[in-house]
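Per-entry structural report
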Amino acid sequence: MRGHVKLGPEVGVDLPLAKRRVRGAVEGDLASIFLAIAIVLGIVLALALLAGADTGLLGALIKWTPFLGKGFLLNVVMSLFAIFFGTIGGVFLGMGQLTPASWISLPAKILTQIFRNAPWLVLLFYCIFLLPFQIRIGGQTYAIASWLRAAIGFTIPVIANFSEIVRGAMQSIPSGQWEAARSLGYTWRQTVTSVILPQCVKRMLPPWMNLYAVLLMATPLASIVGAEEALTNARTALQAESNSLLLLPLYAYLLSWFFIYSYPIARLSMALENRFAVR
Amino acid sequence: MDSITSFFRDLHERSGINLTILYDPFDMDRFLHGLVLTVVLFLVSAVASVVIGLAGAGFLTLPYRVPKAIARGYVAFFRNTPPLIQMYFFYFGIGALVPTARNASGFPQELIDNFDWALIALSLYAGAFNIEIFRAGIEAIHRSIVEAATVLGYSKIAAFIYVMVPLAWRISLPALCNNLIELLKTTTLAYAIGVPELLYVSNQIWSDNINTFEMMNVLMVVYLILVGIVALAMHRWERALRLPGFGATSP
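Of regular secondary structure, chain A possesses ten helices and two strands. Listing the helices and strands of chain A from first to last along the sequence gives α-α-α-α-α-β-β-α-α-α-α-α. Each of the 279 residues in chain A was classed as buried or not, and the buried ones make up 37%. Partitioning the contacts of chain A with sequence separation of at least 6, the portion at a separation of at least 24 is 73%.

Shown next, in the form of structure tokens:
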């Protein structure tokens, strides 16, 4: 896979071929070693946990592992919430961008650009401050947990980013498809839902997975606004231990959690991209 | 100037829209300082990340396994871990190991302060993405061009610097533009380690004046303008560098 791939007779720039070469070999070698180390570290920790080890820095890491894990679960939950609603919203906003009616497409384009280009942290602050702290449904008041408000805050940029992915994929479908559907008497809506979008799914999958990875990498921002996710819990643990020697290992440990979760997704996304590109 | 300040002071009294940064000299001053710091943070880390990207992409063209593996591992690590935790890792984790010096008046002073750590973390983070971008750019150049350079007597390094980089640079610019916009947005993370950049000072201002809503909107508009400026500048540059007949990718 790595090493030299024979180039064809083309001259000058050959982006698709270069991309194919890139995808196969990207992030090999040391990355796999990283992964192996992380897995071994995990197994060692698990064994030590079972053995009831409780000494030194390793002991502290093990002691706080369930607490960090609980926080990390919240990161995953927030990311799944945001990707689920973000994808639904993004499909509609993306279709809206390409609607022939300009009173729909113009606002859709503006919304997409605003929320795609604003920093995630600023959007998160918006949601934290502007969403109500509690809502009343039928006389009952429900408090909205800070993690849920943060998850809504992550959903907004996901909608805008996915909207661009949808627009790009829809525009990449050859115009002959649109014309063929129209000549068969399909309305715009029918063309999009039963001709264009089904073909887009394959093209949208790799960028969608990249978006999910970016989203997951953004979830620790929720710690700034008070959700009890992995980073918040790590800081709580550090305060409780009050040992400055623990800072480096604990943050490294936390980074490895995210790496172990995200790296397989990145590899899968590259593999998919590679597979689709060949066809 | 006075008419502007009095207008916004009036606006506050009449409509309750409290834009202190436009009439209160103290708030205006700290807001501008935050803005300058954000711009400096962005520019310095952008340059550093491009240097890292070129160096890493250069490593990947070498025929040796070790530098390649280092570059790939670096890219994999920084792309698959959260930038905020990276920043904490650098500032609190590694920063705790860096000895503190004493300044002129005898107080302890960090050798590498939070602004420096933010710069380091942002440069390394964006640099990882730049390696990928430049690598794709370099690999998009056909081998015959490098061979031609070799025939003309260029050494491998000279061919890389004078032939590959200028061509790869042109191919990479659109992707680089996107990544620099991401970097600009990511500078807000420096807020978390107390660097008084735009978001941080805005937070101070809305905490003091309870004008959260106004400041949030100001912040949003300012960031959109900054992103617009970066995008515009990069597109201009792209157009200025365009070679006739090269780069079929640009429509």
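That covers the picture; the talk isn't over yet.
The number of helices and strands found in chain B is nine helices and two strands. Ordered by position from N to C terminus, the α and β elements of chain B give α-α-α-α-β-β-α-α-α-α-α. Taking 2.2 N^0.38 as the reference for a compact globule, 251 residues should give roughly 18 Å; the C-alpha atoms of chain B span a radius of gyration of 23 Å, well beyond that estimate. Its C-alpha atoms give chain B principal-axis dimensions of roughly 75 × 50 × 35 Å. Within the span of chain B, comprising 251 residues, buried residues form 44% of the whole. Long-range pairs, those at least 24 residues apart, make up 71% of the contacts in chain B with a sequence separation of at least 6.

So, on to the environment of A:Ala60. Residues and elements named next belong to chain A. Looking at where Ala60 falls in the secondary structure, it is placed in helix H3 (residues 56-98). For Ala60, a count of 20 C-beta atoms within 10 Å corresponds to the buried category. Between the C-alpha atom of Ala60 and that of Ser183, which follows or precedes it by 123 residues, the distance is 69 Å.

A general tendency of soluble globular proteins is for nonpolar side chains to be buried together. Counting residues in each nonpolar core, the largest one holds 137 residues, and the members touching the most others are A:Tyr251, A:Leu254, B:Met87 and B:Ala118. The element best represented in this core is helix H5 (residues 114-139) of chain B, accounting for 15 residues.

Residue and element names in this part refer to chain A. Bridge count between strand S1 (residues 134-137) and strand S2 (residues 140-143): four bridges; the pairing is antiparallel. The residue bridging Ile135 from the neighbouring strand is Tyr142, located in S2. Connecting S1 to the antiparallel partner S2 that follows it, the hairpin turn spans two residues, and Gly138 within it adopts a positive phi of roughly 55°.

Of all the eleven residues making up helix H5 (residues 120-130) of chain A, eight are buried; the element is thus mostly covered by neighbouring parts of the structure. Of all the positions in H5(A), only A:Trp120, A:Leu121, A:Val122, A:Leu123, A:Leu124, A:Phe125, A:Tyr126 and A:Ile128 are classed as buried. Structurally, H5(A) contributes buried residues whose contacts are with helix H4 (102-117), helix H6 (146-172) and helix H8 (188-218) of chain A together with helix H7 (156-186), helix H8 (198-209) and helix H9 (212-241) of chain B.

With that settled, consider helix H3 (residues 65-79) of chain B. Given a rise of 1.5 Å per residue, 15 residues ought to cover 21 Å, and the 21 Å separating the end C-alpha atoms of H3(B) matches this to within 8%. Residues B:Lys68, B:Ala71, B:Arg72, B:Tyr74, B:Val75, B:Ala76, B:Phe77, B:Phe78 and B:Arg79 constitute the buried set of H3(B).

Here we come to unusual backbone geometry. Working note: non-glycine residues mostly have negative phi, and peptide bonds are mostly trans. Of note in the backbone geometry, A:Ser242 takes a positive phi value of approximately 40° without being a glycine. In this fold, A:Ser242 is placed in the loop between helix H9 (230-241) and helix H10 (247-278). At B:Ile210, a residue that is not glycine, the phi angle is positive and equals roughly 50°. Given 10 C-beta atoms within 10 Å, B:Ile210 falls into the exposed group.

Analysis parameters
- All residue numbers refer to positions counted from 1 along the written sequence of the respective chain.
- Going through the entries in the order they are written, you letter the chains from A and number the ligands from 1.
- Totals for whole chains, interfaces and linings use all residues, but because this is a predicted model, local features are given only for residues with pLDDT of at least 70 and pairs of side-chain atoms are given and counted only at 80 or more.
- Working definition: helices are DSSP H or I runs of at least four residues, strands are E runs of at least two. Numbering for both runs from the N terminus.
- Residue burial here comes from a neighbour count, namely the number of other C-beta atoms, placed from the backbone, that lie within 10 Å of the residue's own C-beta, with 20 or more meaning buried, 12 or fewer meaning exposed, and in between meaning partly exposed.
- Contact criterion: two residues are in contact if their C-beta atoms, reconstructed from the backbone, are within 7 Å.
- Throughout, the radius of gyration refers to the C-alpha atoms, and the reference size of a globule is 2.2 Å times the residue count to the power 0.38.
- Buried Ala, Val, Leu, Ile, Met, Phe, Trp, Tyr and Cys residues whose C-beta atoms connect them within 7 Å together make up a nonpolar core.
- A pair of strands counts as paired when DSSP detects no fewer than two bridges linking them.
- To estimate the expected span of a helix, count its residues, drop one, and scale the result by 1.5 Å.

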